Amino acid sequence: MKKVDEMISKIEELFLSYSIILMAAILICGVFARAVLNSSLTFTEEVGQMLNIIVTFFGIGYCARQARHISMSVVYDLVNKKGKKVMMCIISLVTSLIMFYLTYLSVHYVASVLELGRVTAALRIPMWITYIPIPLGFLLGGIEYLRTFVANIKNKDEIFISSIYRHGENMEEVEVSEKGDVN
C-alpha cells in the first residue's frame, strides 16, 4: 500500500508542477504575442483553463496529504488532546464523505457534458476530457481524508492531521527525515 501511495503522490506532484510551469509559459507567450506581435494565440486561454482545472482539482488530494489545506482551528486549538482527537476524526470523516459525494456529482456532470458532445472553440478538444480531473481530484481528496480518519482510529494516542502528519509535527523536518537525508 505504501508503494501505491508513493506512486500516486509522485504522479500528483508531476501533474501539478508541470501544469503550473506549462500554464505560466503558455500564458506569458499569449501576452507577448498580443502585446508585441499584435496577434493573439487563440489556444492559450483554453489551455490555461484546462491546466487551471488540473492544478485546482489534483491539488485537493495533494494538499490533504501534505496537511496544506485551509483549516479554521480556533475551536480546535482551545480543546484538550481528547477533544482534538474527536474533532479530527469527525472533520476527516465528514470531509471524506463530502468529497466522495462531490466525486459522484462530478462524474454525472462529466457524463452529461459527454452526452452533449461539446468541444472547445479553438482546439476542438471534447469538453468532457478537460473535466476529468474534477472527479479524480475529489476522489483523491476523499481517499486522503478517509486515510486520515483511519489513521486517527488506529492510533489511539496520536492525532493525525493528515494521513502522514501528526498534530504538532514540524512538517519540513518530517519530510526531510522521511527521505532519509536527516536522522
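A. Region of interest: the nonpolar core. Ile53, Phe57, Ile60, Ala64, Met99, Val110, Val113, Met127, Tyr131, Ile134, Phe138 and Tyr145 together form the largest nonpolar core, which totals 12 residues. Taken together, the elements giving at least two residues each to this core come down to α2 (44–66), α4 (81–116), α5 (127–131) and α6 (133–154). Excluding its chain neighbours within four sequence positions, the residues that come into contact with Ile53 are Phe58, Thr130, Tyr131, Pro133 and Ile134. One finds Leu16, Met23, Val47 and Val55 within the second-largest nonpolar core, a separate group that totals eight residues.

B. Fine view of the packing of helix α1 (residues 2–35) against α2. The contact between α1 and α2 brings their axes to 9 Å, and the two run at 150°. Our classification of the angle between α1 and α2 gives roughly antiparallel. Relative to α2, α1 is oriented so that their crossing is left-handed. In the contact of α1 with α2, the residues fall into 14 nonpolar, eight polar and four charged.

C. View of the pattern of salt bridges. Throughout the structure, instances matching the rule amount to seven salt bridges. For Arg147, the salt bridge is made with Asp5, and the minimal N-O distance between the two is 2.8 Å. Residue Arg147 is located in helix α6, and its partner Asp5 is located in helix α1; the two are separated by 142 residues in the primary sequence. The class of Asp5 is buried, set by a relative accessible area of 14%. The residue Glu13 makes a salt bridge to Lys10 at a minimum N-O spacing of 3.7 Å. Of this pair, Glu13 and Lys10 both sit in helix α1, three residues apart, roughly one helical turn. When its relative accessible area of 27% is taken as the criterion, Glu13 is described as partly exposed. Note on Lys10: relative accessible area 51%, which makes it exposed.

D. Layout of α4. Its 36 residues place the ends of α4 52 Å apart at the C-alpha level, agreeing with the 52 Å of an ideal helix rising 1.5 Å per residue. All of the buried residues along α4 are Gly83, Lys84, Lys85, Met88, Cys89, Ser92, Ser96, Met99, Thr103, Ser106, Val110 and Val113. Looking at the buried side of α4, the elements it contacts are α2, α3 (74–78), α5 and α6. Looking one or two places after α4, you find Gly117, whose phi comes out positive at around 75°.

E. Seen up close, the confidence of the model for the chain. Counting all residues, the mean pLDDT for the chain is 88, and 92% of those residues have values of 70 or more. Looking across the chain, the model is least confident in helix α7 (residues 171–178), with a mean pLDDT of 47, and most confident in α4, with 96. Predicted confidence is poor over residues 173–177, with pLDDT under 50, and the contacts of this stretch with residues over four places away or in other chains come to eight contacts.

F. Up close: the environment of Met127. With respect to the element layout, Met127 can be found in helix α5. A C-alpha to C-alpha distance of 23 Å links Met127 and Ser17, two positions 110 residues apart in sequence. Setting aside chain neighbours within four positions, we find Met127 in contact with Val113, Arg118, Val119 and Thr120.

G. Summary view of the packing of α2 against α6. At their nearest, the axes of α2 and α6 sit 8 Å apart, and the two run at 5° to each other. Judged by the angle between their axes, α2 and α6 are roughly parallel. Residues Ile53, Ile54, Phe57, Phe58, Ile60, Gly61, Ala64 and Arg65 of α2 pack against Pro133, Ile134, Leu136, Gly137, Phe138, Leu140, Gly141, Glu144, Tyr145 and Arg147 of α6. Per-class residue counts for the contact of α2 with α6 are 12 nonpolar, three polar and three charged.

Criteria and cut-off values
- Residues numbered from 1 in each chain as written.
- Predicted model: local features only at pLDDT ≥ 70, side-chain atom pairs only at ≥ 80, totals over all residues.
- Heavy atoms only, no water.
- Core = buried A, V, L, I, M, F, W, Y, C linked by side-chain atoms within 4.5 Å.
- Buried < 20%, exposed > 50% of the residue type's maximum accessible area, 1.4 Å probe, protein only.
- Helix = DSSP H or I, 4+ residues; strand = E, 2+ residues; numbered from the N terminus.
- Contact = heavy atoms within 4.5 Å.
- Axes fitted to C-alpha atoms, helices over the stretch in contact; angles between N-to-C directions.
- Parallel < 35°, antiparallel > 145°, perpendicular 65-115°, else oblique.
- Left-handed = near helix turned anticlockwise from the far one by under 90°.
- Nonpolar A, V, L, I, M, F, W, Y, C, P; charged D, E, K, R; others polar.
- Salt bridge = Lys/Arg side-chain N within 4 Å of Asp/Glu carboxyl O.
- Expected span 1.5 Å × (residues − 1).
- pLDDT = per-residue confidence, 0-100.

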